[in-house]
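Chain by chain, the residues run as shown.
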Amino acid sequence: MLRHRVIPTLLLKNNGLVKTTKFKNPVYIGDPINAVKIFNDKEVDELILLDITATNDKREPNYKKIEEIVSEAFMPIGYGGGINNLSQIERLFKLGIEKVIINSAAFYNYNLISKSAEIYGNQSIVLAVDIKKDFFGKYRLYSNSGKEKKKILIKDHIIKCVNNGCGEVYLNNIDRDGTMLGYDLELIDYYSRITDVPIIVSGGAGKVVHFAEAIKAGADSVSAGAMFVFQGIYRAVLISYPKYKELEHLLN
Amino acid sequence: MQREYQICKRCVMDTTDPDIVFDENGFCNHCTNTIKRLNEIYFIDPEIKERKLDEIINKIKLDGKNKDYDCIIGLSGGVDSSYLSYLVVKKIGLRPLAVHLDNGWNSELAIMNIDNIVNKLGIDLITVVLDWEEFREIQLAFFKSSVVDLELTSDFAIFASVNQVARDKGIKYFLIGSNYSSESIMPQSWYYGSKLDYLNIKDIVKNNSMVKLKSFPKLSFLQYLFFSKKGPKNISILDLIDYNKENAKKIIIDELNWRDYGGKHCESKITEFYQKYILPNKFNIDKRKAHLSSLICSGQIQREKALLELKKTTYDKDNINEDIIYFCKKIGINEKKFHEIMKQPIQSHYYFKSYQKMKKQLITLFGK
């Protein structure tokens, strides 16, 4: 067993998977069912599935698709996108989702976090934070798939959500998303110190050494999107996942 | 009237091909033609073959001078295309661009093989991803229509996509993995003869589905007529070497970490399911007969061994239900519907509109 999890993040848009760059230009990468089947065969331990348009389209999670994906997956799945009330969370857990990931709703509905953490346990409720540097090089918080800038301090927001019951934080850097240039280590170093709950970092992974760097900087788990779905200079769609041995060697 | 069962005495083709003809020795038209053709192109003086290969390679290299790539390879992850990549890069020294079609049915093995090939050989790759929501409807329409060639849709898509990439990048040659030594025999009624017939696809879909063809590649009648002139030149390099499938497999396993998936064309889940279940059960077609007969003709397998191979069922009865369930789920029907469609009578591709028919009419009108 790896001490640090290496988790593919898959982005759902309508019924297909896409991959964005800096949260823009979604490139279609195919059918989620087939992707999950391939990740099964690659013996991936965990998946994160984010519906990137649900909140902005003001709609419910795509339960039908989520159910299809979950029923095909051998591994636990964390789901995020469009979650803003308790009955949705109940329904997602009933479908077999292992963890729910809350982003936009966490800015106005702390009650949702505390209630669901109370019912399902802290480990099942993940806070996702999307962070981007502003013009002056200062980290800023965003919600709604990077569309809405927030005034609250990142640190305050994370502490507040953790205090309300979030058992894990998914820390995502918008500027690095899809670039494969490496994680923002400064960001990881800083925000992993402010809380005791495990941090999953995302945004920028391009090769296996990036994982080791992120863990050294303070991440508990690492996540990647582009790295696991693109190949070569044309970013040809081709799913891959590092060999277990390679990860073990680098991360343990 | 049911024809009496007969099997060829030289290869393993039989009367499941309704058009098969036997001579007085009990030899069928397939192997007779193939052996004749093999003597012309395959079993020839190796020196002549080599000279021919050199000629073509020099031409490809010359035309590709000062370009990023001199040829395109279609990469499926199967034996032929994998070996072709190895041969072309390591032995011949060409600079191919690989194009892969993702039709939503890739197996992990295929993906892994492609990954190994492009990384180990340093080939640039482009993947054409078909929109699954649309392509699913296209395939479902084909399945519902009960025409024999369910794979026409993917075959067309790869040719159309390669053509597009070739044009974008100014590449003149398309090296294909198909080869006479292992694929010479295929009865006409077991597939649709024109892989470029967009009209046939369109009309079959129109008659069996509500889906609009939007992102699926298109081809006009004019493009269809002049495809061979305008498109990249197709070259089967494997016909110009002493191609032996088993040896090829060994080489790519050693050199490229290639993994075997068992069965011809089983790199794609749909091809596998189509060949082992849909074709035998609905169309009474066992494509292994054609593959094995091809290998018998080129001397790569003995007839006795091929017959033994055919004694095995096309699929594993214990596991087939799982495959059926997956197929239904992927394509979006329930199992009851699946079995209903399996029982529906077979329909000819020519029942629908086609460029092939249009071309024939044109020829009758204006002569050749």
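Bear in mind the structure is a predicted one, so any value in this text is a computation, not a measurement. (Residues numbered from 1 in each chain as written. Chains lettered and ligands numbered in written order. Predicted model: local features only at pLDDT ≥ 70, side-chain atom pairs only at ≥ 80, totals over all residues. Heavy atoms only, no water.)

A. A look at the overall build of chain A. Helices and strands together make up the secondary structure of chain A, namely nine helices and 14 strands. By the compact-globule yardstick of 18 Å for 252 residues, chain A fits well, its C-alpha radius of gyration being 17 Å. Structurally, chain A occupies a C-alpha span of about 45 × 40 × 35 Å along its principal axes. Per-residue burial over chain A gives 60% buried out of 252 residues. Here the analysis covers contacts within chain A between residues at least 6 apart in sequence; of these, 66% occur between residues at least 24 apart. In the structure as shown, chain A presents an accessible area of about 10,900 Å², 50% of it carried by carbon and sulfur atoms. Between the averaged position of the 33 positive side-chain charges in chain A and that of its 29 negative side-chain charges there is a distance of 6 Å. (Helix = DSSP H or I, 4+ residues; strand = E, 2+ residues; numbered from the N terminus. Rg over C-alpha atoms; globule rule 2.2 N^0.38 Å. Buried < 20%, exposed > 50% of the residue type's maximum accessible area, 1.4 Å probe, protein only. Contact = heavy atoms within 4.5 Å. Areas by Shrake-Rupley, 256 points an atom, 1.4 Å probe, with all protein chains shown as cover. Lys, Arg positive; Asp, Glu negative; His and termini not counted. Charge placed at Lys NZ, Arg CZ, Asp CG, Glu CD.)

B. Quick peek at the packing of aromatic side chains. For the structure on display, the rule yields 31 aromatic pairs over all chains. Taken together, a centroid distance of 6.0 Å and an interplanar angle of 40° make the contact between B:F273 and B:F338 tilted. With B:F273 in helix α11 (residues 269-283) and B:F338 in helix α15 (residues 335-343), this residue pair connects regions lying 65 residues apart in the sequence. Grouping residues by exposure puts B:F273 and B:F338 together as buried. Each ring, one from B:Y351 and one from B:F352, has its centre 5.0 Å from the other, and the planes form 90°; the classification is edge-to-face. Looking at A:K132, its charged tip hangs above the ring of A:Y142, at a distance of 5.5 Å from the centre. Taking NZ or CZ as reference, A:K150 lies 4.9 Å from the ring centre of A:F107, over its face. (Phe/Tyr/Trp six-rings, centres within 6.5 Å; stacked < 30°, edge-to-face > 60°. Lys NZ or Arg CZ within 6 Å of the ring centre and 35° of its normal.)

C. Inspection of the environment of B:K195 at higher detail. Residue and element names in this part refer to chain B. Counting through the fold element by element, K195 comes out in the loop between α7 (180-183) and α8 (198-208). C-alpha of K195 to C-alpha of I253: the two residues are 58 residues apart in sequence and 31 Å apart in space. When sequence neighbours within four positions are dropped, the list of residues in contact with K195 reads D149, L152, D155, F156 and F159. Of note is the side chain of K195, whose polar atom sits 3.2 Å from the side chain of D149. Engagement of the side chain of K195 in a polar contact is seen with the side chain of D155, the distance being 3.1 Å. (Polar contact = N/O pair within 3.5 Å; in protein donor to acceptor, adjacent residues only side chain to side chain.)

D. The packing of helix α2 (residues 63-72) of chain A against helix α3 (residues 86-95) of chain A, seen in detail. All names here are of chain A. Look at α2 against α3: their axes get within 9 Å of each other, and the N-to-C directions meet at 30°. It follows from the interaxial angle that α2 and α3 lie roughly parallel. Crossing handedness for the pair α2 and α3: right-handed. The segment α2 lies against α3, with Y63, I66, E67 and V70 engaging Q88, R91, L92 and L95. Its residues assigned to classes, the contact of α2 with α3 comprises five nonpolar, one polar and two charged. (Axes fitted to C-alpha atoms, helices over the stretch in contact; angles between N-to-C directions. Parallel < 35°, antiparallel > 145°, perpendicular 65-115°, else oblique. Left-handed = near helix turned anticlockwise from the far one by under 90°. Nonpolar A, V, L, I, M, F, W, Y, C, P; charged D, E, K, R; others polar.)

E. Structural view of helix α6 (residues 185-192) of chain A. Residue and element names in this part refer to chain A. All buried positions along α6 are accounted for by L187, I188, Y191 and S192. In an axial view of α6, the angular spread of the buried residues amounts to 110°, which keeps them on one side of the axis. If you follow the buried residues of α6, they end up packed against β7 (125-133), β8 (139-143), α5 (154-164), β10 (168-173), β11 (199-202) and α7 (208-217). The residue sitting at the N-terminus of α6 and contributing the capping side-chain oxygen is D184; that oxygen lies 3.3 Å from the backbone nitrogen of E186. (Arc of directions from axis to C-beta.)

F. Inspection of a positive patch on the surface at higher detail. Side chains of B:K202, B:K206, B:K212, B:K218 and B:K353 sit close together on the surface and give a patch of like positive charge. Take B:K218: it is sitting in the loop between α8 and α9 (221-230). (Patch = residues over 30% accessible without salt bridge, like charges linked within 9 Å, V, L, I, M, F, W, Y side chains within 5 Å. Salt bridge = Lys/Arg side-chain N within 4 Å of Asp/Glu carboxyl O.)

G. Summary view of the nonpolar core. Ranked by size, the top nonpolar core spans 195 residues in total, and within it A:F211, B:L175, B:F216 and B:F338 carry the most contacts. A:I7, A:L50, A:I101 and A:V126 belong to the second largest nonpolar core, which has 10 residues in total. (Core = buried A, V, L, I, M, F, W, Y, C linked by side-chain atoms within 4.5 Å.)

H. Structural view of unusual backbone geometry. Residues and elements named next belong to chain A. Residues other than glycine seldom take positive phi values, yet N14 does so here, at roughly 55°. Position of N14 among the secondary structure elements: in the loop between β1 (6-13) and β2 (16-21). Classification of N14 as partly exposed rests on a relative accessible area of 47%. We note that N144 has phi near 55°; this positive angle belongs to a residue other than glycine.

I. Representation of the sheet that holds strand β2 (residues 96-102) of chain B within the structure. Residue and element names in this part refer to chain B. Reading across the sheet, the five strands line up as β3-β2-β1-β4-β5 and stay open at both edges, with parallel pairing between neighbours. Single-partner strands in this sheet number two, and they are β3 (124-129) and β5 (233-235). The average undirected angle you get between the axes of adjacent strands in this sheet is 30°. Examined bridge by bridge, strand β4 (residues 173-175) and β5 share three bridges and lie parallel to one another. Among the inter-strand pairings, Y173 is bridged to a residue of β5, identified as K233. Its contacts with the sheet place helix α2 (residues 46-63) against β1 (71-74), β4 and β5, and it is angled at close to 130° to β4. Along the sheet face, helix α6 (residues 152-169) touches β1, β2, β3, β4 and β5 and points at about 145° away from the line of β2. (Pairing = 2+ DSSP bridges.)

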